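Chain by chain, the residues run as shown.
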Amino acid sequence: MAGFDQDIELSAYSHSHGLGISGNGRSGRQHSIAEASSFTLGGASPSPRTKSFADVSPGGSHGRSKSIAAASDGAGGGFHGTMSRFVDSFRRGDGTINKNLDFDDDNNTSSHGYSSHSISRGHGGTRYYDLRPGTGKINTPSSLLARELKGRHLQMIAIGGSIGTGLFVASGKTLSDGGPASVLIAYLIIGVMLFCTIQALGELAVIFPVAGSFSAFSTRFLDPSWGFAMGWNYALQWIGVLPLEVLAGAMTIGYWNKEINKAIFVTIFLVIIFIINLFGAKGYGEAEFIFAIIKVTAVVGFILLGIVINIGGTPTEGYIGGKYWEDPGAFHNGFKGLCSVFVTAAFAFAGTELVGLAAAETANPRKSLPTAIKQVFWRISLFYIVSMTLVGLLVPYNEPRLLNAQNIADASASPFVIAIESAGATVLPSVMNGVILISVISVGNSAVYGSSRTLAALAELGQAPAILAYVDRRGRPIVAILVTMAVGLLAYLGDVPSQKNIFDWLLAISGLSSILTWASTCLAHIRLRKAWAYNHRSVQDIAFKAQGGVIGSWIGFILNVLVLVTQIWVSIDPLHQGDTPLTTKERVRSFFVSCLAIPVVLICTIVHKWYYKTKWVRIEDMDVDTGRRDFGRLGIIKAQEKEERMGWPRWKRVYRFMC
């Protein structure tokens, strides 16, 4: 079925561009297929199909043929040949991003490479933002990123891809601030909100599987200036997470030996993350597949162990039950304590949306993405709700180790580790800390992947320096990766005395960014459905429909806004221990530490809108065709799949509906 889908997409793509694929090599634009190889190439080595495209167009495939010949010549050259191929892989990918082609007014489909600055046009001496090339960039075939991710990669990314210090370590802060009941309520609300959001994202990403999807969807369906702000907001979020996670890993080593210099392990973690990303999308997918299996196993193991501990299955303490909900209590700091939990809970959930970003590098997103999206329900239910419920039963919110945490990345204050230690286990706490280390590498890996792809997409849209759009022959946005890794060097500041302030500001960059991204995604989905109806399209023409529909997106959007409002309130009037009131300076700092993303997004939006004079995109101006991946015989494909499902037993139909 995957090969059948690719044939349909290629046929639709060649038809929309007026391309003729024949064996005589005379078509004037056949070279586009050989060069813009993102929809046929899976990495460094071209497939047999790709070679046939190059063969039919000798002139257009000259650059590709040279690279294949060079690789063949160097194959027998031993070390020299290997190094030659390695160096050659960093050259600009075929299809050259900066090749300028004229925009075709009569055919609202992307050509293969507008200038990254073509969206900024002059009109009577006045700058304005031309949305048409920006929309054209959304066309997936114009991307040079290698489509190497498979269904199993997406599923594991969705289930456990970004589970890290947000859940394992920072959850201790939520417990000490709000108490176990507040944690459970907050995680339930964020879980419902995120389920609706990811469903909306799934529908958008299956129709338009694009790199930099969060910027692209906001640009296309909301406002170009807001899309610009959302792109940078999302990129900065992950750029800030990288040093935060790496430093958290270095501090986790202190659980075994506090005398070891953190810089040693900062270096080790950064090198590992960089090497993984050198293997491109496939390296990221394979690494996350392995990391996610380890993390999922650890969480399931903790849940089983937590149940045993709670019912009195350890020699150190008898039946625990819900005694910590009575003493010291279920809530701490009242309603404000509940509100203070939201942003840290959102930080723990951040990264779930990466499945939408990975759609642009997936071989067959129409089939792989819906399955991965459905896994989010189990991730929310099992890994967050159940595990945090057990943490609230096993660890009181006034536990001294929670209160004495140096920062939110202090693994010694992990409620998971504390719960296991309290049961008298000697080896298991070290095992749990080992899982935290793996989680650090995993989330750091996701941070580089998410930020580099977003930066490259912004550059291709003309919303970032053009050099960031450089994609090499392995489909890696190598310049964007290097920029992100350079920011990761901030983790070396972990040995300075003011490391707590560094953590606070890194978290400030990424704290509310996820909320803003999720809210924009829900609103973009609502606007897409309106434009879909305006163009007299049937909902049945959508390859994957969000289970909550438009109502679910409204629920997700409203919950995101409410969380945003409560966080602003808590940041202005924060939780405070002691009788001395906070000074104005302390309140201002508290606001910016908690809500730095808001002024950053507002400044980006206002400056971009002032410079380009952009306007809110009207329903009648929205293009719901360019870049779609469901052109062709979608009805035939869906009919075949329906016929296949009819032959399934009942249990399999139920399973596939849920998973």
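Parameters and conventions
- Residues numbered from 1 in each chain as written.
- Predicted model: local features only at pLDDT ≥ 70, side-chain atom pairs only at ≥ 80, totals over all residues.
- Heavy atoms only, no water.
- Helix = DSSP H or I, 4+ residues; strand = E, 2+ residues; numbered from the N terminus.
- Contact = heavy atoms within 4.5 Å.
- Areas by Shrake-Rupley, 256 points an atom, 1.4 Å probe, with all protein chains shown as cover.
- Buried < 20%, exposed > 50% of the residue type's maximum accessible area, 1.4 Å probe, protein only.
- Phe/Tyr/Trp six-rings, centres within 6.5 Å; stacked < 30°, edge-to-face > 60°.
- Axes fitted to C-alpha atoms, helices over the stretch in contact; angles between N-to-C directions.
- Parallel < 35°, antiparallel > 145°, perpendicular 65-115°, else oblique.
- Nonpolar A, V, L, I, M, F, W, Y, C, P; charged D, E, K, R; others polar.
- Salt bridge = Lys/Arg side-chain N within 4 Å of Asp/Glu carboxyl O.
- Core = buried A, V, L, I, M, F, W, Y, C linked by side-chain atoms within 4.5 Å.
- Polar contact = N/O pair within 3.5 Å; in protein donor to acceptor, adjacent residues only side chain to side chain.
- pLDDT = per-residue confidence, 0-100.
- Patch = residues over 30% accessible without salt bridge, like charges linked within 9 Å, V, L, I, M, F, W, Y side chains within 5 Å.
- Expected span 1.5 Å × (residues − 1).
- Arc of directions from axis to C-beta.
- Left-handed = near helix turned anticlockwise from the far one by under 90°.

Per an unreviewed UniProt entry, the protein goes by the name General amino-acid permease GAP1 and belongs to Neurospora tetrasperma.

Asks: Looking at this structure, I do not really get the overall build of the protein. What am I missing?
Replies: Looking only at helices and strands, the protein has 28 helices and two strands in total. The long-range share in the protein, meaning contacts at least 24 apart out of those at least 6 apart in sequence, stands at 81%. Counting only carbon and sulfur atoms, one obtains 63% of the accessible surface of the protein, whose full area is about 26,100 Å².

Asks: So what exactly am I meant to see when it comes to the environment of Glu620 here?
Replies: Considering the arrangement of structural elements, one finds Glu620 in the loop between helix 26 (597-612) and helix 27 (634-646). Note on Glu620: relative accessible area 41%, which makes it partly exposed. As for Glu620 and Ala531, which are separated by 89 residues in sequence, their C-alpha atoms are 7.0 Å apart.

Asks: Sorry, what's going on with the packing of aromatic side chains here?
Replies: For any two aromatic rings, the description comes down to two numbers: the centre-to-centre distance and the angle of the planes. Applying the stated criterion across every chain, the model contains 15 aromatic pairs. Here Tyr187 and Phe349 contribute two aromatic rings whose centre-to-centre distance is 5.7 Å and whose plane-to-plane angle is 45 degrees, an arrangement assigned as tilted. Of the two residues, Tyr187 is situated in helix 9 (residues 171-207) and Phe349 in helix 15 (residues 334-349); the sequence distance between them amounts to 162 residues. Across the pair, Phe349 and Tyr187 agree in class, each one buried. An angle of 80 degrees between the planes, with centres 5.3 Å apart, marks the rings of Phe591 and Phe592 as edge-to-face.

Asks: When you look at the packing of helix 9 against helix 10 (residues 213-221) in this model, what are you seeing that I'm missing?
Replies: The axes of two packed helices give the description: the angle between them and the distance between them. Packing of helix 9 against helix 10 brings their axes to within 11 Å, and their N-to-C directions diverge by 85 degrees. By the angle between their axes, helix 9 is roughly perpendicular relative to helix 10. Here helix 9 contributes Leu201, Leu204 and Ala205 to the contact with helix 10, which in turn contributes Phe214, Phe217 and Phe221. Residues that form the contact of helix 9 with helix 10 fall into these classes: six nonpolar, no polar and no charged.

Asks: Help me understand the pattern of salt bridges, please; the structure alone is not making it clear to me.
Replies: Opposite charge on two side chains allows them to pair when their charged atoms are near. The final tally for this structure, using the stated rule, is eleven salt bridges. As a salt-bridge pair, Glu399 and Arg401 come within 2.9 Å of each other at their nearest N and O atoms. Glu399 sits in the buried class, given a relative accessible area of 13%. A residue is classified by how much of its surface remains accessible, and Arg401, at 33% relative accessible area, is partly exposed. Notably, a salt bridge pairs Arg476 with Asp472, separated by 2.8 Å at the nearest N-O pair. Overall, the relative accessible area of 2% leaves Arg476 in the buried class. The class for Asp472 is buried, based on a relative accessible area of 2%.

Asks: Just checking my understanding: could you explain the nonpolar core for this structure?
Replies: Most often, soluble globular proteins keep nonpolar side chains buried together rather than apart. Among the nonpolar cores identified, the biggest contains 149 residues, and Phe168 and Tyr187 are the most heavily contacted of them. Among the elements that line this core, the one with the most residues is helix 11 (residues 224-253), at 16 residues. Once you skip the residues sitting within four places of it in the chain, Tyr187 turns out to touch Gly166, Ser171, Thr174, Ala345, Ala348, Phe349, Tyr384, Ile385 and Met388.

Asks: When you look at the side chain of Ser520 in this model, what are you seeing that I'm missing?
Replies: Examined against the element boundaries, Ser520 turns out to sit in helix 23 (residues 513-534). A distance of 2.7 Å separates polar atoms of two side chains, one belonging to Ser520 and the other to Trp226.

Asks: Which parts of the structure should I look at to understand unusual backbone geometry?
Replies: The phi torsion of most residues other than glycine is negative, and most of the peptide bonds are trans. The omega torsion of the bond from Asp327 to Pro328 falls at 15 degrees, within 30 degrees of zero and hence cis. In the Ramachandran plot, His536 falls in the positive-phi region, its phi being about 60 degrees despite a non-glycine side chain. Considering the arrangement of structural elements, one finds His536 in the loop between helix 23 and helix 24 (549-572). One non-glycine residue with positive phi stands out, namely Lys613, at about 55 degrees. With respect to the helices and strands, the residue Lys613 is situated in the loop between helix 26 and helix 27. For Lys613, a relative accessible area of 47% puts it in the partly exposed group.

Asks: Would you mind showing me how to read the confidence of the model for the protein here?
Replies: Do not read the fine detail of predicted coordinates wherever pLDDT is low. Taken over all residues, the pLDDT of the protein has a mean of 75, while the share at 70 or more is 73%. Counted against residues more than four places away or in other chains, residues 1-75, with its pLDDT under 50, gives 115 contacts. The low-confidence segment residues 95-126 (pLDDT under 50) makes 82 contacts with residues lying over four places distant or belonging to another chain.

Asks: Explain a nonpolar patch on the surface here, please?
Replies: Taken together, the side chains of Ile260, Ile264, Ile268 and Ile272 present a nonpolar region at the surface, about 290 Å² in accessible area. Note on placement: Ile264 falls in helix 12 (residues 262-278).

Asks: Please explain the environment of Gly356 as it appears in this structure.
Replies: Here Gly356 is to be found in helix 16 (residues 354-357). On the basis of relative accessible area, Gly356 is assigned to the buried category, the value being 2%. In the structure, Gly356 is positioned 148 residues away from Phe208 in sequence and 9.8 Å away in space, judged by C-alpha atoms. Once residues lying within four places of it in the same chain are set aside, the contact partners of Gly356 are Leu201, Ala205, Val210 and Ser213.

Asks: Is there a simple way to think about the side chain of Ser218 in this case?
Replies: By the element assignment, Ser218 lies in helix 10. The class of Ser218 is buried, set by a relative accessible area of 2%.

Asks: In this structure, what is going on with helix 25 (residues 584-595)? I would like to understand it.
Replies: Given 3.6 residues per helical turn, the α-helix brings residues three or four places apart onto the same face. The terminal C-alpha atoms of helix 25, which comprises twelve residues, lie 16 Å apart, in line with the 16 Å expected from a rise of 1.5 Å per residue. Among all positions of helix 25, only Ser590, Val593, Ser594 and Cys595 are buried. In a view along the axis of helix 25, the buried residues occupy a sector of 165 degrees, so they form one face of it. Exposed and oriented more than 90 degrees from the buried face of helix 25 are Thr584 and Lys585. Summarising the contacts, the buried residues of helix 25 are in contact with helix 22 (499-511), helix 24 and helix 26.

Asks: Looking at this structure, how should I read the environment of Ile207?
Replies: Relative to the helices and strands, Ile207 is located in helix 9. Separated by 417 residues in sequence, Ile207 and Val624 have C-alpha atoms that sit 9.2 Å apart.

Asks: Looking at this model, I keep getting lost on the packing of helix 9 against helix 24. Mind explaining?
Replies: At a minimum axis separation of 8 Å, helix 9 and helix 24 run at an interaxial angle of 135 degrees. Considered as vectors, helix 9 and helix 24 are oriented oblique to each other. In this structure, helix 9 crosses over helix 24, and the sense of that crossing is left-handed. Within the contact between the two elements, helix 9 uses Ile189, Ile190, Val192, Met193, Cys196, Thr197 and Ala200 and helix 24 uses Gly552, Ser553, Ile555, Gly556, Leu559, Asn560 and Val563. By residue class, the composition of the contact of helix 9 with helix 24 is nine nonpolar, five polar and no charged.

Asks: What is the right way to read helix 12 from this model?
Replies: Helix length check: helix 12 (17 residues) gives 25 Å between terminal C-alpha atoms against 24 Å at 1.5 Å per residue, within 8%. Among the residues of helix 12, Val266, Phe269, Leu270, Ile273, Ile276, Asn277 and Leu278 are the ones counted as buried. Buried residues belonging to helix 12 abut helix 11, helix 13 (280-310), helix 20 (428-460) and helix 21 (478-488). Of the residues that open helix 12, the one with a side-chain oxygen 2.9 Å from the backbone nitrogen of Ala263 is Asn261. Downstream of helix 12 by one or two residues, Gly280 has phi in the positive range, about 75 degrees.

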